[in-house]
Every structure is written in structure tokens, then in C-alpha cells.
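# Working through the structure, step by step
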Amino acid sequence: MEAITSGALYQNTMKIVEDAGKLVSLSPNVIERLRYPRRALIVAVPVKMDDGRVKVFPGYRVQHNQTLGPFKGGIRYHHQVDLSEVAALASLMTFKNSLMGLPLGGAKGGVQVDPNKLSKAEIENLTRRFTSEISPFIGPDKDIPAPDVGTDSQTMAWMLDTFSLESGFSQTGVVTGKPVEIGGSLGREAATGLGVIFATEKALEKMNKRISEATLAIQGFGKVGMFAAIEGYAKGARVLAVSDVSGALYNERGLNIAELVRYVKEKKVVKDFPGGQHISNEELLTLPVDVLAPCALEGVIHKGNVHEVKAKIIVEGANGPTTREADEILHGAKVMVVPDILANGGGVVVSYFEWVQDISWLFWNEDEVRNRLREIIYKAFDKCWAFAEQEKVNMRTAAMGTSLLRLERAMKLRGQAW
Ligand code: NAD
């Protein structure tokens, strides 16, 4: 078990669980069960490289909890993936799915590989072999993978194909985040960013402000940040700054996001966009905006820079962008932090919609996806807000508390916690 519990992310996650668990008087037996994943599979993934050599990559699938329904969670390809990180992320999926009210448990997978160093053919071979190795454990009723860092809709298409070949018939519901042509959902690509903006609207509402009157700064212009910027801009917010790995852009009157998206499609990065002036990523975090949405990396708001943060609301599009110390300081300064499991839950919600559409063979239009997503994010936000008000805690503890209480009720009903 030590290989699972030893990582920093695992320990931080379990600390949040224990703190929130104590607050809601969660049964110690429930906490004890949630502390460990149900299953952790380690596989060797051999790949014949283009030059004829064979390389073996370590792969993992961790299934944390399935009290609420089949396991669900992404597959990450990254050179730093390890068992403990995958297990921590699997547990976060359990808590996120519970908070969102979905009938799903939590899982996560990964391969320790830098996908940028492999050719397309090598990545396809790796994906097919990894899928084959974990195939006894996944399936539309068992465990449904999705894309995560380093994987995309093409990866899911290969997983679907490999799993279907092994089963002897097509099983589109085995993965989500697929291309629309083979059972993907409309609206999946934009879902996480859209969810970030729905959560932002609710947070602003608590400060008697409409999104059309608000100013935003968004760190990261990828799958989450770009769609959050597009949606915020479409709703009339002034997006004063955005950034990516190449640096940050600022325009005091608001960036023209439609033009910036066209620019990034061509140039790949935001750097040198003529409609804004260059600032550093650190400066972006300290702008006097209504809403700061970190949508790139972990740990970017920390005790070293938190005192400079001037935003009134932080909406965590990324996973874990605020450290524990910074979180406490922000709470003391009355800055509202909308935590990751609430703010970026839009991705898994639309993944759930995709799975529902696949297993019912009935597909929805984009408006239906958006409207249902809005309803779920608003409802989850309201639950957390009511909890935070009642218990006088911050939104992170409220989100975890809300999630744990639902899990506890389900575990007790199923006779899983004594
Ligand atoms: P992505 O790779 O599509 O985009 C990441 C963005 O961050 C890119 O624009 C990149 O240039 C930028 N970036 C990298 N280093 C940076 C730096 N030092 N400063 C500023 N920007 C930097 O990834 P993504 O899917 O958008 O994921 C972002 C975060 O959101 C991750 O924490 C991920 O786990 C989380 N998340 C993603 C989803 C999803 O559906 N994609 C769902 C939930 C959570």
C-alpha cells in the first residue's frame, strides 16, 4: 500500500478528506474505506519502436470506489505518472462524481511516457497494448476511461477499437471523449471550460454581479482555458488577460477572444498577438480582476504569491492550482475560491452524458447538452454554497463535505460501511 499512499498529492487529498470528514461527522469506517482504492492494476506496456527496439512503459489503472456506479476517470500519458499520483487522481474522481450527483464511481489510469517523444504509430501501438492489458477490468458497465493530460479523442478511438476487437463486437460505451463520428457527444470539447463559466456566474451572483459586468483573467489557453475564455467573452465579460506556456497577454479594455482564438489556431501560442500587451504569467495572477481562473497547472497560487492576488473570486479550472497554505490565507482574506472538484466538473458531466447517449443509442443536440450541464453545475454550486453558509467553512471544505455525505449514505445503504 505504501506505493499508493506515499505521494504528496495522495497525502494532500486524504488530508482534505479527513478534515471535511470530521466536520460532517463522517463515520471513521467510511473514511478508512475511502482512504484506499479498491483495486490498483500495474501493467507492462511493451512497444516496438519505429527503429526496431522494444521499450517497456509502466502503465496503471486504479479503481478507487464504485459505490455510486461504474468506475470512471481519465487516462494520462506523462513522463511523471506514478502509481500514487494515479491513485490520488482516482480518488478525486470519486469525490467529483459524487459531488456532481452522477451515478458513477472514481478511477484513473496512466502510462509513464512522454508522448511528445513518440511517433503517432508508436503512440497507437502503446495505446492498443495498454488497452489490451487492462481490458478485463474495463467496459461500459465496469469502468469507462476518458482523455486526460497527454491523451485525446484519437487515443479514445484506438481504445474503443481495441476493446471492441477483443470483445468481438462494437462497444462504443467503453470510453468517453471520443470523436462524434464514433459515438462522441456534441459539446464534449468545450464542456470543462463551459462548466468553469457556469460556476463563475454563480459565484458572481453571490456578489450581486452579472458576468456581463465582470472582468476575468484566465491562466492557460488549452482545452479548459480557451473554452472558458470563449464562453466568458460570448456572455459579455471583459477578459483582461490570458496566458499559456509562451507568456501572458493583457488589454485593459478586454481582449478580443474571437480574434485571439483565430490567431492561436494558426500560431499555436498567444505570444505576440497584436491585440494585447505582453505581461508575465506571475503578473496575470495578481491583476485586480473580479475573477481569476487558473486553468493550466497545479500549485500556481502559493504562499509566496498569494498576498499579491487581488481577484475577489478564484475559479479553479485546473486541478489543484491553489496550495493548502494559500487556500487558508485566501479564506481569511474573504476571497471566494470555487474548488476544482466543483469548477472543472463540466468535463466529467458531459462524459457521463456521452456514456448515457452511447448505451441508449440516442444522441442529443448541443443545446440539450449545454442546458443539462448548466443545471448540474448550478445545482452542485448551490448545494456547496448552502453547506458553506451553514457550517461557516470555505467552498473547498463544503464541496468535499457534500460529496462525502452522499457517498456515506450510499455506502451505508449498500451495507459497505459498518
Ligand atoms: P491543455 O494541455 O489543453 O492546456 C494547458 C494550457 O496551459 C496550455 O495553454 C499551456 O500552454 C498552458 N500552460 C502550460 N504551462 C503554463 C505556464 N507555466 N503558465 C501558463 N500557462 C501554461 O490542458 P487542459 O486539458 O486545458 O488542462 C488544464 C488543467 O485542467 C489541468 O490541471 C487538468 O488536469 C485540468 N482539467 C482538465 C479537464 C479537461 O476536460 N481537459 C477536466 C478537468 C480538469
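## Considerations on the sheet that holds strand 4 (residues 106-112)
Strands sit in the order 1-2-4-3-5 across an open sheet of five strands; the sheet is mixed. Across the chains shown, the open sheet's two edge strands, defined by having one partner strand only, are strand 1 (39-48) and strand 5 (143-147). Averaged over all pairs of adjacent strands, the angle between their axes in this sheet comes to 25°, without regard to strand direction. The pairing of strand 2 (residues 54-65) with strand 4 spans six bridges and is classified as antiparallel.

## Here we look at the domain arrangement of the protein
Along its sequence, the protein is carved into domain 1 (37-169) and domain 2 (191-334). Relative to domain 2, the C-alpha centre of domain 1 lies at a distance of 30 Å.

## Overview of the packing of aromatic side chains
A ring pair, where both rings are aromatic, is described by two values, the distance of the centres and the angle of the planes. Here the structure, examined in full by the defined rule, presents six aromatic pairs. Summarising the aromatic geometry, the rings of Phe353 and Trp364 are spaced 5.1 Å apart at their centres and angled 50° between planes, so their arrangement reads as tilted. Of this pair, Phe353 sits in helix 13 (residues 346-360) while Trp364 sits in the loop between helix 13 and helix 14 (366-391), and the two are 11 residues apart along the sequence. Relative accessible area serves as the criterion here: at 3%, Phe353 is assigned to the buried category. Judged by relative accessible area, which is 13%, Trp364 ranks as buried. Measuring from ring centre to ring centre gives 6.3 Å for Phe381 and Trp385, while their planes differ by 10°; the resulting arrangement is stacked. Here Phe381 pairs with Trp385, and both are found in helix 14, just four residues apart, close to one helical turn. Overall, the relative accessible area of 21% leaves Trp385 in the partly exposed class. Feature note: the residues Tyr352, Phe353, Trp355 and Trp364 constitute an aromatic cluster, connected by ring pairs. The ring of Tyr378 carries the charged tip of Lys202 above its face, separated from the ring centre by 5.0 Å. In this structure, Arg372 is placed above the aromatic ring of Trp364, and the distance from its NZ or CZ to the ring centre is 4.3 Å.

Cut-off values and rules
- Residues numbered from 1 in each chain as written.
- Predicted model: local features only at pLDDT ≥ 70, side-chain atom pairs only at ≥ 80, totals over all residues.
- Heavy atoms only, no water.
- Pairing = 2+ DSSP bridges.
- Helix = DSSP H or I, 4+ residues; strand = E, 2+ residues; numbered from the N terminus.
- Axes fitted to C-alpha atoms, helices over the stretch in contact; angles between N-to-C directions.
- Domains from an automatic or database assignment.
- Phe/Tyr/Trp six-rings, centres within 6.5 Å; stacked < 30°, edge-to-face > 60°.
- Buried < 20%, exposed > 50% of the residue type's maximum accessible area, 1.4 Å probe, protein only.
- Lys NZ or Arg CZ within 6 Å of the ring centre and 35° of its normal.

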